[in-house]
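# Analysis of the macromolecular model
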Amino acid sequence: MSDIFQYKCPCCGGAIEFNSSVQKMKCPYCDTEFEMETLKAYDEQLKEEQDDELVWETEAGGQWQEGEADGIHIYVCQSCGGEIVGDETTAATNCPYCDNPVVMKRQFSGELKPDYVIPFKYDKEAAKVAMKKHLSDKRLLPKAFKDENHIDEIKGIYVPFWLFDADADADMRFRATKVRAWSDSDYNYTETSHYAVARGGDIGFERVPVDGSSKMADDLMESIEPFRFEDAVDFQTAYLAGYLADKYDVSAEESIERANERIKSSAETEFAATVKGYSSVVPEYSSIRLSNGQAKYALYPVWILNTTWQGTQYMFAMNGQTGKFVGNLPMDKGAYMRWLFATAGIVGVVVYIFMYLWWLFV
């Protein structure tokens, strides 16, 4: 009984076979030709590829010492269930997430103490100024929104983040192409060469942040990054005075998947940056093995601003350390259509001029 070996085309995935006319392996689907030795080397490389090994140590945060959490209370929103930590002097008025009233429910206890905190550097007035600037820069924003809009609530919140450290040993393969074009008096030619480019090495990650609050949208929090960790200090309850602190409801273990996604994406980007001189580069395979993986618990400063217009609530966020401001806004559909037609008109004029010149001189 004989074994049947079958190679797949690295370019299109089709089954390839030996072509006697060219004395090479050839794909009948995309017509790509391969030397046998090249395919053997490629096949051996595939056999050595490994799965990801993403293992973490998630014992983050310390324990509260006796009396350390005295005077700290939890405020619970009866509408969305958000839990906010504040001191006994905090005036709990409205939920920063849904804008409904919140009430003090119980004394704070039983949760991990943060390892670090980055204190606020921007105050409430700076958040208001940033909001006005954010609105003034938007050409497609309805004029009525600018004129009638008012800020319903501004809250300074310490948002919980899990910070992941790890050393990564990575192997990656990229599908790359080089395109060469030429012509003669009869035809235009294009030749595309395909390459399997391998990269491997060690890369370290420090304090990869993952939002530990389910009430805070991950994309909103990632939009106001980065936070500069050099300003972080060991946590003390005194930093909560005058602010709220969101209590984490997403554990370090539950945040690992998001941390792995960010680490894999960053590693692929870093390794892809070393693949140069090609027309295109596409990640095809990656294997990442983590070591020394651990998570720490930190509070990062964020200003949350809520505003309502025509029955719709809009939330904005500002990095309380760097001042970076983000948020979604309504769009003036009339202004957008005018902009679209104007843009299309400009493009049409350019195409018309190009075609006229081509007709004139060719």
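Residues numbered from 1 in each chain as written. Predicted model: local features only at pLDDT ≥ 70, side-chain atom pairs only at ≥ 80, totals over all residues. Heavy atoms only, no water.

Our focus in this paragraph is helix α5 (residues 252-272). For the α-helix, the turn length of 3.6 residues means that residues three or four positions removed from each other point alike. Taking 1.5 Å as the rise per residue, α5 with 21 residues should run 30 Å; its terminal C-alpha atoms sit 29 Å apart, in good agreement. Residues A252, S255, I256, A259, N260, R262, I263, K264, A267 and F271 constitute the buried set of α5. (Helix = DSSP H or I, 4+ residues; strand = E, 2+ residues; numbered from the N terminus. Expected span 1.5 Å × (residues − 1). Buried < 20%, exposed > 50% of the residue type's maximum accessible area, 1.4 Å probe, protein only.)

What follows concerns unusual backbone geometry. Peptide bonds are, in most cases, trans, and in most cases residues other than glycine have a negative phi. In this chain, E225 is followed by P226 through a cis amide linkage whose omega measures 5 degrees. Here P226 is to be found in the loop between α4 (218-223) and β11 (233-234). If you check the backbone angles, R207 has positive phi at about 55 degrees while not being a glycine. Here R207 is to be found in strand β10 (residues 188-211). Positive phi, close to 60 degrees, is recorded for N292, a residue that is not glycine. When you line up the elements, N292 lands in strand β13 (residues 280-309).

Moving on: the pairing of β13. Direction of pairing for strand β8 (residues 116-117) relative to β13: parallel, over a ladder of two bridges. Bridge pairing in β13 places V117 opposite L299. Here β13 pairs with strand β14 (residues 312-319) via eight bridges, running antiparallel. The residue of β14 that forms the bridge with W309 is T312. (Pairing = 2+ DSSP bridges.)

Bringing the packing of aromatic side chains into the picture now. What the rule picks out here adds up to 16 aromatic pairs. When the centroid spacing of 4.9 Å and the interplanar angle of 70 degrees are considered together, the rings of F120 and Y158 count as edge-to-face. With F120 in the loop between β8 and α2 (124-136) and Y158 in strand β9 (residues 151-183), this pair connects stretches of sequence that are 38 residues apart. Each member of the pair F120 and Y158 is classed as buried. In this structure an aromatic cluster arises from ring pairing among F120, Y158, Y243 and W303. Lying over the aromatic face of Y195, K178 brings its terminal NZ or CZ to 5.6 Å of the ring centre. K178 extends its terminal NZ or CZ atom over the ring of Y278, reaching a point 5.2 Å from the ring centre. (Phe/Tyr/Trp six-rings, centres within 6.5 Å; stacked < 30°, edge-to-face > 60°. Lys NZ or Arg CZ within 6 Å of the ring centre and 35° of its normal.)

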